[in-house]
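Coordinates in review
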Amino acid sequence: MRTSSSLTSMKALPGFASLFKPRSARVFSPAASWLLVMPLLAVFAIGFLYPLAKLVDLSFSEGITATYGRLLDDPLYADVLLTTAAVALSVTMAAILLGYPVAYAMARARKRTAFIVAACVFVPLWTSVLIRSYAWIVLLQRNGIVNTLLIATGLTDQPIKMLYTQGAVTLAMTHVLLPFVILPIFSVLRTLPDDYIRAARNLGAGPARAFFLVTLPLSLPGVFAGATICFVLALGFYITPALVGGPGSMLMPTLIGQQTTVLVDWPFAAALSTVLLIMTLLVVILFRKTLSVQKGFGSVH
Amino acid sequence: MLKRTSIATRLFIGTITFLGLFNFGQTSLAGERIVIASTGGAYDRALKEAWFDPFTKETGIEVVTVVATNAEMRAKATAMVKTGNVTWDLYLDGEIQAASEAHSKITEDLTDFCKQFSGRKDLAANACERGGVLLQSTATLLAYRTNDAGTPHPESWADMWDTKRFPGGRAFPNFDDPWRVLAAALLADGVAKDALFPLDIDRAFRKLDEIRSDVTLWWKTGDQSVQGFRNGDYSLGQIWLTRAQAMQNEGLPIGWSYKASFLVGDRIALVKGAPHHDNALKLIAFWLNSLAAQAEACEVLSCTPPSTDAIAMMSEKARRSMPNADDIRDYIVVPDAQWINANAASLLQRWNNWVR
């Protein structure tokens with residue numbers, strides 16, 4: 001096909017030379033591609049892979065029993081790991097359920113409405129996580145806005161304890177992570193031509209049927225991308241649970257923080273981090289597998 | 001379609017650009033200076049006015065402060081010493097932590113420096129030790145909402161557990177340093193002050209089980225304990241005296257009992273390999289030598305300065321809120337730092353298991 005034009009030169013200079021010859025005028029040659037990717041790879045290797053390897057190495061520095069053995073000794077660590085995964089999962093579910101309609105509105109609404117919706121999504125993203133978490137303290141505390149409202153409307157006569165609970169942690173984390181779910185879904189929905197829906201409607205599907213059979217399956221890659229980002233970020237969340245959570249909402253990052261700063265036991269902190277890292281990687285691989293299945297499913301016409 | 005979404009797209013690109021901006025740290029200035037890490041806020045301001053500013057005026061050496069929590073400072077100082085990239089000279093740490101082995105690995109031994117103060121009768125016996133110089137002492141104690149006159153006030157930890165005589169929510173600290181809560185439980189259970197350490201952990205947790213359902217606030221930061229009291233989240237709580245004093249100054253109806261209190265203090269430690277070693281020593285010597293600085297800072301923070309002569313310079317009002325000699329002798333518990341440090345990891349693990 002396209003390569004046929006360079007066939008003659010390929011014959012003359014096989015192997016090595018093909019590195020410098022692009023397969024078509026539309027793409028860079030392999031060598032040029034590598035050259036362009038090199039700076040990023042170098043930064044990635046020095047700034048991320050090397051410290052990560054050091055971290056894993058540190059976790060073994062005092063013998064495997066001193067760190068990983070201790071981790072297995074006390075059921076606390078497995079329990080907290082499970083809680084962390086459960087919280088991350090519920091936050092991800094909530095963020096998708098709440099975020100999808102917003103992404104849909106951003107992609108479909110008229111100019112002015114789309115702008116307002118987009119601003120509502122982006123302005124919080126520009127605000128510090130710390131400030132957004134503090135805002136939830138103001139809302140949820142005993143004499144906070146929510147309790148005042150509940151009492152004023154007569155729904156309760158005693159203030160409800162909302163701050164420093166697991167519910168508050170899930171709520172605040174969902175709020176903080178919502179933009180990370182909305183944006184990937186939005187970017188996929190935006191590329192879907194209106195014609196698909198029109199075609200479905202033209203063939204007799206109602207608006208709901210057109211959405212569930214056409215729009216939703218086509219937007220699933222965005223949903224999965226958003227879910228992955230949200231889940232991975234939620235696994236490592238530290239500030240929000242520390243601010244709005246109580247003793248009952250103990251998560252893996254809290255334990256890692258304790259070992260790092262309070263006890264300065266870095267090998268054990270590294271072991272805890274490695275376990276969390278392995279779980280994160282497993283989840284990402286699992287998500288990717290599901291994603292590729294979905295992609296195949298989605299592109300069946 | 002393109003036009004309709006272009007604003008959202010622009011916002012998206014704007015965000016990415018915004019996130020990509022780097023904040024380059026300030027480059028260091030020439031000239032003589034000292035870097036000290038402290039916990040910031042009102043504490044920092046008081047120290048600056050009473051101690052750093054007069055020092056700079058006298059010596060011309062600039063004092064730069066860096067803000068972090070005690071635990072963060074400890075972790076960061078450890079990292080600096082381990083990597084050989086020390087940028088801090090001094091940092092503040094708790095009295096108990098300053099007695100630990102880990103502390104002596106990352107700080108300079110001040111024993112020789114301390115010799116010059118051995119003749120000072122006004123200084124507390126522990127004012128200058130190998131792990132650091134005593135900045136101030138204060139207490140973690142039982143504070144309560146003062147009701148109408150005539151009703152009894154809680155005095156001891158046993159009263160804290162007595163929910164019939166003293167109804168209302170309870171507050172306890174949950175900042176990864178659980179010995180105070182366990183010790184209070186044991187005292188409430190009838191353990192004598194002198195027999196407190198080593199702590200009987202099982203007994204302490206059994207006693208804590210009794211009060212658990214009445215605890216309405218587990219505070220992590222001093223600000224949380226203040227905000228919780230303002231909001232009426234609790235009526236009796238184990239909190240820091242400095243915060244209780246601040247609330248009383250604000251006019252809140254709060255009182256406290258030295259009969260249920262633990263002595264805690266802050267030390268100024270010199271980081272191993274500090275870049276401005278000699279100037280840093282001048283700054284800590286200035287603290288112990290300047291009675292005016294000690295008196296002024298502790299007047300604001302309601303702490304006890306290391307020098308008794310400095311206490312004499314403080315106002316009548318400030319001195320009245322300090323524990324008297326009888327309280328110190330009979331009630332105030334001085335924690336066994338060595339035992340706490342030796343058992344820190346296992347204590348925290350037991351605590352995590354219990355509290356969650």
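Under an unreviewed UniProt entry, the name given to chain A is ABC transporter permease, and the source organism is Paramesorhizobium deserti. Within the UniProt record for chain A, the comment given under Sequence similarities (unreviewed entry) is "Belongs to the binding-protein-dependent transport system permease family. CysTW subfamily." On record in UniProt, under Subcellular location (unreviewed entry), the comment for chain A is "Cell membrane".

Take the overall build of chain A next. In terms of helices and strands, chain A carries 13 helices and zero strands. Relative to the compact-globule value of 19 Å for 301 residues, chain A shows a C-alpha radius of gyration of 25 Å, a clear excess of over 25%. Each of the 301 residues in chain A was classed as buried or not, and the buried ones make up 40%. Taking contacts inside chain A between residues at least 6 apart in sequence as the whole, the part at least 24 apart equals 70%. Between the mean site of the 21 positive side-chain charges and the mean site of the 9 negative ones, chain A shows a separation of 25 Å.

Okay, the pattern of salt bridges next. What the rule picks out here adds up to 22 salt bridges over all chains. Put simply, A:Arg108 and A:Asp194 hold a salt bridge, and the shortest N to O gap is 2.7 Å. Of the two residues, A:Arg108 is situated in helix α4 (residues 75–108) and A:Asp194 in helix α9 (residues 194–202); the sequence distance between them amounts to 86 residues. Ionic pairing is found between B:Asp202 and B:Arg350, a salt bridge with its closest N-O pair at 2.9 Å. On the criterion of sequence distance, the pair formed by B:Asp202 in helix α8 (residues 201–211) and B:Arg350 in helix α17 (residues 344–355) is long-range, its members being 148 residues apart. Residue class for B:Arg350 comes out partly exposed when judged on its relative accessible area of 35%. It is possible to trace a salt-bridge network through shared partners that takes in B:Asp189, B:Arg203, B:Lys207 and B:Glu210.

Feature annotation in UniProt places "domain: ABC transmembrane type-1" (unreviewed entry) on residues 81–287 of chain A, given in this structure's numbering. Along residues 81–287 of chain A the backbone is 81% helical and 0% strand, and the end-to-end C-alpha distance reaches 19 Å.

Considering all chains together, one arrives at 25 aromatic pairs over all chains under this definition. Summarising the aromatic geometry, the rings of B:Trp157 and B:Phe262 are spaced 5.8 Å apart at their centres and angled 20° between planes, so their arrangement reads as stacked. Of this pair, B:Trp157 sits in helix α6 (residues 157–161) while B:Phe262 sits in strand β9 (residues 254–270), placing them 105 residues apart in sequence. Among the residues examined, B:Trp157 registers a relative accessible area of 3% and is labelled buried. Under the relative-accessibility criterion, B:Phe262 is labelled buried at 0%. By the ring-pair criterion, three or more aromatic residues cluster together here, those being B:Trp161, B:Phe172, B:Phe205, B:Trp218, B:Trp351 and B:Trp354. The ring of A:Phe268 is capped by A:Arg70, whose NZ or CZ atom sits 3.9 Å from the centre of that ring. Positioned above the aromatic ring of B:Phe229 is the side chain of B:Arg145, whose terminal nitrogen or guanidinium carbon lies 4.0 Å from the ring centre.

Another aspect to go through is unusual backbone geometry. Cis peptide bonds are those with omega within 30 degrees of zero, and the linkage from B:Phe197 to B:Pro198 qualifies with -5°. For B:Pro198, the location among the structural elements is in the loop between α7 (179–188) and α8. Residue A:Val264 is not a glycine yet carries a positive backbone phi of 50°. Within the secondary structure layout, A:Val264 lies in the loop between α12 (252–262) and α13 (266–298). Within the chain, B:Asp176 stands out as a residue other than glycine whose phi angle is a positive 65°.

Below, the discussion takes up the environment of A:Pro184. Residues and elements named next belong to chain A. Here Pro 184 shows up in helix α8 (residues 166–191). Relative accessible area serves as the criterion here: at 14%, Pro 184 is assigned to the buried category. In this structure the C-alpha to C-alpha distance between Pro 184 and Val 262, which are 78 residues apart in sequence, comes to 38 Å. If we ignore the near neighbours within four places in the chain, the residues touching Pro 184 are Pro 179, Gly 222, Ala 225, Gly 226 and Ile 229.

The rules behind these values
- Residue indices begin from 1 for each chain and proceed along its sequence in written order.
- Just so you know, chain letters begin at A and ligand numbers begin at 1, following the order they were written in.
- Reporting in this predicted model follows two pLDDT cut-offs: at least 70 for local features of residues, and 80 or more for side-chain atom pairs to be given and counted; totals over whole chains, interfaces and linings ignore these cut-offs and use all residues.
- By convention in this description, side-chain values take in all heavy atoms of the structure and omit both hydrogens and water.
- UniProt positions are given in the numbering used here, feature names are shortened, and annotations may be inferred rather than shown by experiment.
- Helix and strand assignments come from DSSP, with helices taken as H or I runs of at least 4 residues and strands as E runs of at least 2, each series counted from the N terminus.
- Computation of the radius of gyration draws on C-alpha atoms alone. For the globule rule, the value is 2.2 Å times the number of residues to the power 0.38.
- In this scheme, a residue with accessible area under 20% of its type's maximum is buried, one over 50% is exposed, and one in between is partly exposed, where area comes from a 1.4 Å probe on protein chains only.
- Note on contacts: a residue pair qualifies if any of its non-hydrogen atoms lie within 4.5 Å across the two residues.
- For the purpose of charge, His is not counted, nor are the chain termini; Lys and Arg are scored as positive and Asp and Glu as negative.
- All charge positions are set by atom: Lys at NZ, Arg at CZ, Asp at CG, Glu at CD.
- Salt bridges are counted wherever a side-chain nitrogen of Lys or Arg sits within 4 Å of a carboxyl oxygen of Asp or Glu.
- Whether two aromatic rings pair depends on their centres lying within 6.5 Å, for rings of Phe, Tyr and Trp, where Trp uses its six-membered ring; planes under 30 degrees apart make the pair stacked, over 60 edge-to-face, and the rest tilted.
- Both a distance and an angle decide whether a charge sits over a ring: NZ of Lys or CZ of Arg must be within 6 Å of the ring centre and within 35 degrees of the ring normal.

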